[in-house]
Amino acid sequence: MLGIALPSSAYSQKVAPEVVTPFELSRRLHFRLLGRIPERAEVEQFIADADWNGLVDRLLAHQDNLRVREEFWIDLLTLEGPEDLKWIEEQVKANTPIDERLHSWFARQRPASKTDEEAFLYLEETGNNLFGVGYDCTRCHDHPFENVRQKQFLELAGFFQKNGFVHAPNLYYYDDATPGEVIPARTPFGPELRIRVSKRDIEAVRAGKEVKRKIPPAEEFAGWLTNFRENPQILHAITVKYVDWLWGPHHLSDIRLPGADPMLPPPPEIAEAVRILKGSSYNEETLLRELSTHSIATEKYPPLQISKRQWLRSIEAALSKPVEDLESSPGPDKSFIEQSRFMDQILVDHSFADHADIDDVFLRTLSRFPSEEESAKILEALQDSELPVSEIYRNIFLSHEFKSIP
Amino acid sequence: MNLRAFPSLLHCGIALFVTLSQADDTGTARRVIYLNMLGGMSQWESFDPKPGNGPAGLTETPVDRLQISGWLPKSGKIMDRCLVLRSVRSGFDHVPENSQYVRLTGYTRRATVTHPDIGSWVKYHSPNRGPWFRIHSDVKTGSGFLPAETCGPIVIPTPQSVQSISGDRSLWEKRNELASAFSHLSVASLHSDGDSSRAATRFLASEVGLTSLDWKEEAAGVQQAYGDHNFGKSCLLARRLAENADACFIEVGLDGWEAEGVDYFENTRKLCAQLDDGFSALIADLEKRNMLEETLVIISTEIGRTEAITDKRRKFQLSHSCAVLAGGGIRKGIVIGETGPRGRATGKAISPGAFNAIIAKALRIDPFETVYSPSRRPFVIGKDAKPEGIFQEVFGKD
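Peer 1: Help me understand the overall build of chain A in this model?
Peer 2: A tally of helices and strands in chain A yields 18 helices and 4 strands. Put simply, chain A has 406 residues, and 53% of those count as buried. Long-range pairs, those at least 24 residues apart, make up 66% of the contacts in chain A with a sequence separation of at least 6. Here chain A displays about 18900 Å² of accessible surface, and carbon together with sulfur accounts for 49% of that area. With 47 positive and 67 negative side-chain charges, chain A shows a separation of 7 Å between the mean positions of the two kinds.

Peer 1: What am I meant to see in the sheet that holds strand β7 (residues 249–255) of chain B here?
Peer 2: Strands belonging to one sheet form pairs held by backbone hydrogen bonds; the direction of such a pair is parallel or antiparallel. All names here are of chain B. Pairing is mixed in the open sheet, where 8 strands are placed in the order β6-β5-β7-β1-β8-β11-β4-β12. The open sheet has two free edges, formed respectively by β6 (154–156) and β12 (334–336), since each of these has just one partner strand. Across the sheet, the mean angle from the axis of one strand to that of its neighbour is 15°, orientation sign disregarded. Bridging between strand β5 (residues 132–135) and β7 involves 4 bridges; their strand directions are parallel. Bridge pairing in β7 links R134 to E251. Here helix α12 (residues 264–288) sits on the sheet and contacts β1 (31–38), β4 (82–89), β7, β8 (295–301) and β11 (320–326); the angle it forms with β8, its principal contact strand, is near 170°. On the sheet, helix α13 (residues 352–362) packs against β1, β4, β7, β8 and β11 and is oriented at approximately 165° with respect to β8.

Peer 1: Explanation requested: empty space enclosed by the protein in the structure shown.
Peer 2: Space left empty within the atom packing is revealed by a probe, the size of a water molecule, rolled over the atoms. What the rule picks out here adds up to 2 cavities of 30 Å³ or more. For the largest cavity, the calculated volume is near 150 Å³. In terms of lining residues, the largest cavity is bounded by 13 residues, among which A:N395, B:A179, B:S186, B:S197 and B:R198 are the most central. Sorting the residues of the lining of the largest cavity by element identifies α18 (390–397) of chain A together with α7 (169–179) and α8 (197–204) of chain B as the ones contributing at least two each. Its residues assigned to classes, the lining of the largest cavity comprises 4 nonpolar, 6 polar and 3 charged.

Peer 1: Looking at this model, I keep getting lost on the interface of chain A and chain B. Mind explaining?
Peer 2: Interfaces are often sized by the amount of accessible area the parts lose when they come together. In this assembly, 26 residues from chain A lie in contact with 30 residues from chain B. It is A:F336, A:I337 and A:H400 in chain A that bury the most area against chain B; as a group they hold 27% of the surface buried on that side. Counting across the interface, chain A meets chain B through 2 salt bridges. At the surface where chain A touches chain B, the tally comes to 2 residue pairs in polar contact (both at pLDDT 80 or more). Those elements that provide at least two residues to the side of chain A that touches chain B are α15 (336–348), α17 (372–385) and α18 of chain A. Broken down by element, the residue count for the side of chain A that touches chain B peaks at 7 residues, all from α17(A). Tallied by class, the residues present in the side of chain A that touches chain B amount to 9 nonpolar, 6 polar and 11 charged.

Peer 1: Would you mind going over the side chain of B:R314 with me for this structure?
Peer 2: All names here are of chain B. Its location among the elements puts R314 in the loop between β9 (304–305) and β10 (316–317). Judged by relative accessible area, R314 falls into the buried class, the value being 0%. At 2.9 Å, the side chain of R314 and the backbone oxygen of E307 are in polar contact. In contact with R314, other than residues within four places in its own chain, are S42, W44, E45, N53, G54, Y264, F265, R305, T306, E307, A308 and I309.

Peer 1: Any chance you could explain helix α4 (residues 63–77) of chain A here in plain terms?
Peer 2: Residues three or four positions apart in an α-helix share a direction because the helix packs 3.6 residues into each turn. Residues and elements named next belong to chain A. If you check α4, its first and last C-alpha atoms are 22 Å apart, about what 15 residues at 1.5 Å a residue would give, namely 21 Å. Within α4, 11 of the 15 residues are buried, leaving the element largely enclosed by the surrounding structure. Turning to α4, its buried residues number three or more, namely D64, N65, L66, V68, R69, E70, E71, F72, W73, L76 and L77.

Peer 1: Please explain the confidence of the model for chain B as it appears in this structure.
Peer 2: Detailed conclusions should not be drawn from predicted coordinates in areas where pLDDT is low. Residue and element names in this part refer to chain B. Confidence in the prediction of chain B, expressed as mean pLDDT, is 87, and 89% of residues score 70 or more. Across residues 12–22, where pLDDT falls below 50, the model places 6 contacts with residues more than four positions away in sequence or in other chains. Every residue in residues 188–193 scores below 50 in pLDDT, and together they form 19 contacts with partners more than four places removed in sequence or on other chains. At the level of chain-chain contacts, confidence expressed as ipTM amounts to 0.78, with global pTM at 0.79.

Peer 1: Which parts of the structure should I look at to understand the packing of helix α7 (residues 116–131) of chain A against helix α8 (residues 150–157) of chain A?
Peer 2: A packed helix pair is summarised by two numbers, namely the angle formed by the two axes and the spacing between the axes. All names here are of chain A. The N-to-C vectors of α7 and α8 enclose an angle of 105°; their axes lie 10 Å apart at closest approach. When the axes of α7 and α8 are compared, the pair comes out roughly perpendicular. Every residue of α8 that contacts α7 at A119, F120, L123, E124 and F131 is listed here: F153, L154, L156 and A157. Looking at the contact of α7 with α8 residue by residue, the classes come out as 8 nonpolar, no polar and 1 charged.

Peer 1: Explain the packing of aromatic side chains here, please?
Peer 2: Two aromatic rings, taken as a pair, are described by how far apart their centres are and by the angle between their planes. Under the counting rule described, the total for this entry stands at 34 aromatic pairs over all chains. On the numbers, 5.6 Å between centres and 80° between planes, the contact of A:Y172 with A:Y174 is edge-to-face. Judged by relative accessible area, A:Y174 falls into the partly exposed class, the value being 28%. Relative to B:F203, the ring of B:F133 has its centre 5.0 Å away and its plane inclined at 65°; by these criteria the two rings are edge-to-face. With B:F133 in strand β5 and B:F203 in helix α8, the pair connects residues that are 70 residues apart, well separated along the chain. Here B:F133 matches B:F203 in class, with each residue buried.

Peer 1: Help me understand the nonpolar core, please; the structure alone is not making it clear to me.
Peer 2: A:I315, B:L35, B:F47, B:L241, B:I250, B:L275 and B:F279 are the most contacted members of the largest nonpolar core, which has 99 residues in total. In terms of residue count, the dominant contributor to this core is α12(B) (10 residues). Excluding residues within four positions of it along the chain, B:L35 makes contact with B:F231, B:C235, B:V252, B:F279, B:L282, B:V297, B:I298, B:I299 and B:S300. Membership of the second largest hydrophobic core comes to 79 residues, among which are A:L25, A:A107, A:V148 and A:L246.

Criteria and cut-off values
- Residues numbered from 1 in each chain as written.
- Chains lettered and ligands numbered in written order.
- Predicted model: local features only at pLDDT ≥ 70, side-chain atom pairs only at ≥ 80, totals over all residues.
- Heavy atoms only, no water.
- Helix = DSSP H or I, 4+ residues; strand = E, 2+ residues; numbered from the N terminus.
- Buried < 20%, exposed > 50% of the residue type's maximum accessible area, 1.4 Å probe, protein only.
- Contact = heavy atoms within 4.5 Å.
- Areas by Shrake-Rupley, 256 points an atom, 1.4 Å probe, with all protein chains shown as cover.
- Lys, Arg positive; Asp, Glu negative; His and termini not counted.
- Charge placed at Lys NZ, Arg CZ, Asp CG, Glu CD.
- Pairing = 2+ DSSP bridges.
- Axes fitted to C-alpha atoms, helices over the stretch in contact; angles between N-to-C directions.
- 1 Å grid on protein atoms, 1.4 Å probe; cavity = no way out; pocket = protein on both sides within 12 Å on 5 of 7 lines; lining within 4 Å.
- Points joined across faces, edges and corners; volume = space filled by probe spheres on them.
- Nonpolar A, V, L, I, M, F, W, Y, C, P; charged D, E, K, R; others polar.
- Buried area = accessible area lost by both parts, 1.4 Å probe.
- Salt bridge = Lys/Arg side-chain N within 4 Å of Asp/Glu carboxyl O.
- Polar contact = N/O pair within 3.5 Å; in protein donor to acceptor, adjacent residues only side chain to side chain.
- Expected span 1.5 Å × (residues − 1).
- pLDDT = per-residue confidence, 0-100.
- Parallel < 35°, antiparallel > 145°, perpendicular 65-115°, else oblique.
- Phe/Tyr/Trp six-rings, centres within 6.5 Å; stacked < 30°, edge-to-face > 60°.
- Core = buried A, V, L, I, M, F, W, Y, C linked by side-chain atoms within 4.5 Å.

Here's what the structure looks like:
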């Protein structure tokens with residue numbers, strides 16, 4: 001772990017390797033771990049403490065971090081219903097190991113799909129997250145570049161179906177099955193796992209009955225999925241998702257399915273993250289801590305566009321008040337006119353100081369001090385236009401600097 | 001000299017100059033109103049119907065041997081002012097957004113560069129003209145590698161949305177003044193898909209902005225003719241922006257043709273009714289104001305539909321769609337391109353690049369002028385446009 005303490009007077013000093021200022025680092029870590037910009041007090045605390053490790057510990061213990069972690073898993077596993085949300089809330093709170101969490105979801109929590117269509121849809125939505133690229137394409141055809149065929153998609157979907165098999169759809173173009181044919185569940189790589197389907201099973205399903213199995217297909221599948229030692233693909237794919245979450249899609253370099261030609265070694269940051277996970281017995285919090293205090297955190301990246309959720313939570317942090325009606329608000333990529341109407345709504349009720357303290361506004365919104373030139377220019381324009389202080393917030397909330405992650 | 005007659009004499013003079021200077025393969029347009037049918041408008045229920053295929057029936061038109069869908073009765077009456085293109089290549093992907101990208105930019109998506117759409121190209125080549133507008137459309141293409149600040153659209157989500165924010169011009173003037181102090185925070189990305197917030201602020205602060213956006217000041221009869229729906233009102237707003245704001249390009253969207261999860265034909269019938277109201281009223285209104293020859297009106301869609309009806313709906317067809325052009329110096333009352341019983345072009349097809357080249361030619365912009373991206377790669381409006389006489393067919397003298 002690379003813990004770098006900052007000298008307390010180093011406002012403008014760079015964090016090694018001399019590309020990120022403490023202000024930028026604070027903003028980045030808050031965005032990544034809390035899903036929003038730091039509040040003014042949080043920036044000031046970091047600058048005063050000059051303790052990178054301490055900041056990461058504080059952020060990981062923050063309630064908002066639990067919420068962001070839950071959201072990560074909601075996207076990863078396509079969680080929807082209130083029971084699923086309650087389940088993931090408990091899992092994150094207890095910091096259950098990743099393999100245990102995955103096993104619990106597939107073996108116990110997730111209800112088996114009632115129809116083939118449901119199983120296809122679930123695999124289409126989550127396949128890329130769990131196995132790497134390729135599974136959304138293969139619902140309809142063999143993958144043009146990856147080593148995965150449409151039939152393998154159907155076989156894998158069988159594990160999500162309560163009976164352990166699906167039927168080939170009408171849009172099936174290959175000569176290894178015909179539309180309507182029964183396709184039993186089978187894993188596409190790693191240790192082979194297949195569900196045996198007898199004629200009696202098929203007849204039972206046709207008669208509207210359920211096939212009874214000693215071990216449900218979902219439970220067998222969960223065991224295969226979390227056997228990271230023999231089946232490293234899953235761990236690799238999920239690690240990529242974590243690194244992507246923390247440091248952006250610049251790290252989503254090639255993840256290839258087993259058997260791809262050529263098989264590229266994983267990029268160093270992914271290999272390092274996998275090593276951390278294995279060493280910590282798949283502990284999520286340890287991974288987040290290590291990645292956040294790793295040298296990767298101080299690399300210079302092109303700014304990332306923030307999501308709607310991050311934009312709105314950042315506005316809340318800047319104004320220190322909840323913004324109502326978050327769901328119906330426009331996102332940061334919507335048109336100027338839509339965003340402008342939204343600004344008019346949220347700023348009208350907020351009370352601002354009569355005189356503009358530009359330092360305060362910049363620390364609250366951009367997590368940095370303004371330059372002398374910026375201060376002078378803004379104060380002069382504000383005086384000339386005779387607009388209220390709220391208009392400074394309006395301009396900043398709509399600016400590219402506010403809407404991007406450094 | 002009677003001063004009241006001066007504007008009309010001037011207008012005649014300009015029209016005469018334009019006519020004389022017009023070559024056979026260019027138009028007379030000063031602006032484009034692009035009615036963008038989003039989600040795949042069915043050619044069978046619009047401008048390329050086949051007898052007995054589908055529930056829409058046929059509408060006779062004043063043009064010899066031209067019939068259009070029975071769900072477009074008002075448009076049928078004005079087809080003698082229009083040119084129908086029945087073989088525009090379309091549908092490069094089952095994902096409509098990807099096909100929209102190809103149709104509007106002329107290029108397929110690349111990870112390394114974002115291409116400008118046709119509105120941004122037009123604005124790039126018309127630097128002294130007013131802004132370009134995107135109304136009631138969720139399309140994500142924009143200025144691409146061209147500077148967003150000067151070539152990006154001003155996006156108007158709905159005609160109602162501008163009514164609520166454009167009332168106080170003095171406030172926008174002040175905001176425009178203040179915005180310059182923050183311009184360094186808003187350096188537009190080279191790959192920005194968004195609209196230009198500085199251009200929008202400037203527009204809202206201007207007299208023409210205020211006048212153009214206030215579509216409710218139109219006579220009740222005019223508003224009624226455009227129809228009581230967002231698309232109709234957007235067409236009316238487009239005409240006002242063309243008339244008052246010197247807009248060089250206005251895109252108006254009509255979304256929902258994909259009809260996912262709804263009764264496909266009932267949905268198509270309703271959308272056709274909106275298109276019928278908006279398009280016919282727009283053409284009549286432009287004609288009444290002597291603006292049709294200087295305004296190219298287009299109906300276009302990104303993807304076609306299959307001739308077969310499966311599960312009570314038509315699927316996307318990765319082959320051809322149809323388009324309609326009117327005004328702007330194009331030939332009237334003709335059909336270019338033919339399709340067979342399965343909706344495929346039987347002769348030459350018009351590529352998205354060639355379609356954009358026609359728009360450029362209508363505006364007398366060279367579609368083959370090379371513009372370099374910041375990474376020094378060459379791009380043109382008319383990518384892979386093999387004219388083979390198409391410009392003569394579209395603009396040539398009858």
